[in-house]
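# Reading the structure
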Amino acid sequence: METLATVKKILGKPYKDLEFLLECFREILIDGGEPALAEVIPWINDQEKTQLVEFTDKHLQVYSIAFQLLNMVEVNGAVQNRRSVENNKSMAAVNGLWAQNLKMLKDMGIPEKKIAEYLPHVKVEPVLTAHPTEAKRATVLEHHRMLYLLLVQRENKMFTRIEHEEIRREIKLVIERLWRTGEIYIEKPDVASELRNIMHYLVNVFPEVIKITDRRLAQAWEEQGFDPKLIENANSMPKISFGDWVGGDRDGHPLVTDTVTRETLASFRLNAFINIRRHLIGLVKKLSFSLHYNYADFDLRKRIDEIIEELGPSGQKAYSRNEGEVFRQFVNLMIAKLPLDTRKEHAVELIEDETTYKYSEELLNDLNILQSSLFKYGATTLGNTDVNEVIRIVQTFGFHLAKVDIRQNSSFHDKAMSQLMNAASMNGQLYLEWKEHQRINYINTELSSNRPFTHSKTKLDENAAAVVSCYNVLTEHIDKYGPEAIGSLIVSMTRSLSDLLTVYLLAREGGLTFHTEEGVVCKLPVVPLFETIEDLRNSPEILDEFLSHPCTKRSLEYQKMVNKDLKPVQQVMIGYSDSNKDGGILASQWNLYKAQQELAEIGEKHGVHIRFFHGKGGTISRGSGPTHWFLRALPHSTINGDVRLTEQGETIAQKYANKINASYNMEMLVAGAAGVSIAHKFTKKEDHPFEAILDELAQESKKHYTKLIEHEYFIKFYSEATPIDAIESTKIGSRPSRRSGKRTLADLRAIPWVFSWSQSRFNMASWYGLGSTLEKFMKDKPDDFARFKEATNYDPFIRYVLTNVDTSLMATNEEIMKAYASLVEDEEVRTTVLNLFLKELKKTRKMLDLILEKPFKERRVNHYYSSTLRENAMFNLHLFQVEMLKRWREFKASGNIAEAEKANLNLLLSVNAIAGAMRNTG
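Overview of the structure.

Rules behind the numbers
- Residues numbered from 1 in each chain as written.
- Predicted model: local features only at pLDDT ≥ 70, side-chain atom pairs only at ≥ 80, totals over all residues.
- Heavy atoms only, no water.
- Buried < 20%, exposed > 50% of the residue type's maximum accessible area, 1.4 Å probe, protein only.
- Helix = DSSP H or I, 4+ residues; strand = E, 2+ residues; numbered from the N terminus.
- Pairing = 2+ DSSP bridges.
- Contact = heavy atoms within 4.5 Å.
- Phe/Tyr/Trp six-rings, centres within 6.5 Å; stacked < 30°, edge-to-face > 60°.
- Lys NZ or Arg CZ within 6 Å of the ring centre and 35° of its normal.

## Digging into the pairing of strand S6 (residues 403-409)
Residues in a regular strand project their side chains so that they alternate between the two faces of the sheet. Most of S6 is tucked away, with six of its seven residues classed as buried. As paired elements, strand S3 (residues 243-244) and S6 share two bridges and run parallel to each other. Within S6, the position partnered with Gly-243 by the bridge is Lys-403. Relative to strand S7 (residues 486-492), S6 runs parallel, the two sharing five bridges. Looking at S7, one finds that Val-404 is bridged to Ile-486.

So this is what it looks like as structure tokens:
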């Protein structure tokens, strides 16, 4: 193991920043009368890693805060490094961002006009979710944001010694607040608190990020020598929007009711207007140009007169401000037309009537009139900057802020369908018993009319009532405001055509369909979610049948018209988590790759654009990895300028908690989607050159993985050698860890599955089975193996997968694995399964080193030394958690509830501390 002095030297400035923050922390503890705790702060005190300390809750919090500070200085170090590279070399020298992607396209010989022509067709939509992967409270995250800003201020060389002392004082205050703030949820958070956290990003972070991302594109464009006029208008930019699952996703989540969804939609609408109002007020301040109404162009004067007449006295009052500054007066009128009740200059609630804006297109039209008038006035540059920024905000967030998806499990829908039939005096049990063709025949017969099964007064059983009441809320919102605020109806665990068609009947019951001469049409998209490997393999056939169905064809045409798309769009969601839990890392990644290829071809066959929705998580085994490499590793012609993907749990805070890092991650996503999509337009689509080999490797690795999880001792080992039982008792998120509450591996969500393996440092889902597979491949087919090894240097998919496995292996620790395995009471179970893990881990490490040639220490220098630094401090945390697990289980078994609860609190603190140290949960 490297010495601390070596680690300090290699890591450089981030380590110096860490020492600075930890010394501040030490002073806080000493001043607060806790000198003994100050002596256990890692890295700045001498400590033997093998010494097991009887930790208290305060010891755990010291460690937890230390790791949080380490994470923060590393993020800041990465930001400063990127700035240095751009400053000393070029913008294009930083991997994955706009400049590099534009340079790549330029080097391919693609004309700048062609690039500019395609940019506005790029659509990117991150979808914010609240799966139980965020172990930190929102209050703690807020303190982190403030601390990061102060850390950045220390970089300013212009500040005086006195100013730097003041920054240090403020840093100490924030760290003390962190120290005195409870880090874990004592009570499980409700959906409302999760929504408040999501709202922070949508209202306070992302609007600023959009501006920075757009500006970065303009700067990179000019650096490549391209004509800036080609992208100076807001409509020339890629389209960015946001989706949301909080308050809409009800898959196994009983707390998400129709009331919660209604309140979510209302809250989003209110905050969308608050966001817009803030930017319009900013625009008023900027447009301080002396121009009287009489000298303004005709279109502007005409629209001013119309709004004053529409608003009456309130319009006249708004117009009377800023006399002689007509542009300001016009923006004042726009503000007055926003449906907001303001008190003391703060918007507090919606007050919508016939005089206020109802649809975002109305405001966009007025902003376009303003921009055109500024051009005629001669303020072209200001029109293309100040007004463009507000147009982009309205285009991005609309009057809805984010599209709320409605997700539910196919088995839940089946029960709802059965209950609806019962309520209509039919035998609903038949629906549950029918074979697929019988269900299809029945659904087709029913879809011949728009007649619902029941009427509004009919009392429905639980599942049917939940679905219909939810759909009623959606219908009510769409009838009032249009479909812009709703994403789609996502069917998790889609396994057949009937799983999708059933939703049409449920939608009919909730008023989401209407009848035409051709037949029934659904107002909202119905989206399959293919999760397991078997489902991914069956997905092309299911999608082919679904796109062939008359109701789907009619609905897609209707949605195309409403959304003003060039061709019909069918969204398809693919799950990275369950496919990995099902078959291991390589089988999951390759089956996802193949499914996307085949699903895109099905779309081409039907003349439908397939919008892939990537259900990715925060860990390697759940689809995480560098965004630019992820995008480059996707199959040719499957992005097509259209990317939707989940941002889950702790990844939201990691990526977007501070503005600069948030802008970097957003730029990487948008620039990567644009670069790959445009490049695919000018290159030939071909099958993967290693398709046959990857088929074999995926099948072989799945065989090894499946053999492990189906081993007779595996479940017992898993339940005792990992803290899965403690994780299931945590208060991390509002969602239960199991879909239906059954105590089976199949019912366990992929998130706690990955979380538990991560805490115990096995990380098995992201490497198990690969070592044996590669070893056999090398022995059986040495020539193919040599070609495969060479491909890691140039093939995006192979490189992406193996690099991610490599990262996961660095986080896997045999010594700690053995410590957790000691919790398994049955010696035969313990030794049998642990030996399987250790043997496979040794093979996997050996094969990765052979294929990638250099040791991890040389391949990934910063990552290696960062991990080394963490390991020295984490050892005691793991040993403490092992001891607490043992005690907690013993206390529970003996019925000692008081001691069990005390041990459980310490367990939760250790889970939080280790999650922070590992930089991920599930």
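## Quick look at unusual backbone geometry
It is generally the case that most residues other than glycine have a negative phi and that most peptide bonds are trans. Positive phi, close to 80°, is recorded for Trp-43, a residue that is not glycine. By the element assignment, Trp-43 lies in the loop between helix H3 (35-38) and helix H4 (57-88). For Arg-761, which is not a glycine, the phi torsion comes out positive at approximately 70°. Its location among the elements puts Arg-761 in the loop between helix H31 (750-759) and helix H32 (770-780).

## Remarks on the environment of Arg-537
Here Arg-537 shows up in helix H21 (residues 533-548). The contacts of Arg-537, once residues within four sequence positions are left out, are Asn-591 and Lys-702.

## A word on the packing of aromatic side chains
Per the counting criterion, the structure on display carries 40 aromatic pairs. Ring geometry for Phe-206 versus Phe-242: centroids 4.3 Å apart, planes at 25°, classification stacked. Separated by 36 residues along the polypeptide, Phe-206 in helix H9 (residues 191-223) and Phe-242 in the loop between strand S2 (239-240) and S3 bring together distant segments of the chain. According to the relative accessible area criterion, Phe-206 is buried, its value standing at 0%. Between Trp-221 and Phe-226 the ring centres are 4.7 Å apart and the planes differ by 70°, which places this aromatic pair in the edge-to-face class. When its relative accessible area of 0% is taken as the criterion, Trp-221 is described as buried. Note on Phe-226: relative accessible area 7%, which makes it buried. Grouping aromatic residues by their ring pairs yields a cluster made of Phe-714, Phe-717, Tyr-718, Trp-753, Trp-757, Phe-762, Trp-767, Tyr-768 and Phe-837. We note Arg-82 situated over the ring of Tyr-664; from NZ or CZ to the ring centre the distance is 3.3 Å. Of note, Lys-892 hangs over the ring of Trp-888, and the distance from its end group to the ring centre comes to 4.0 Å.

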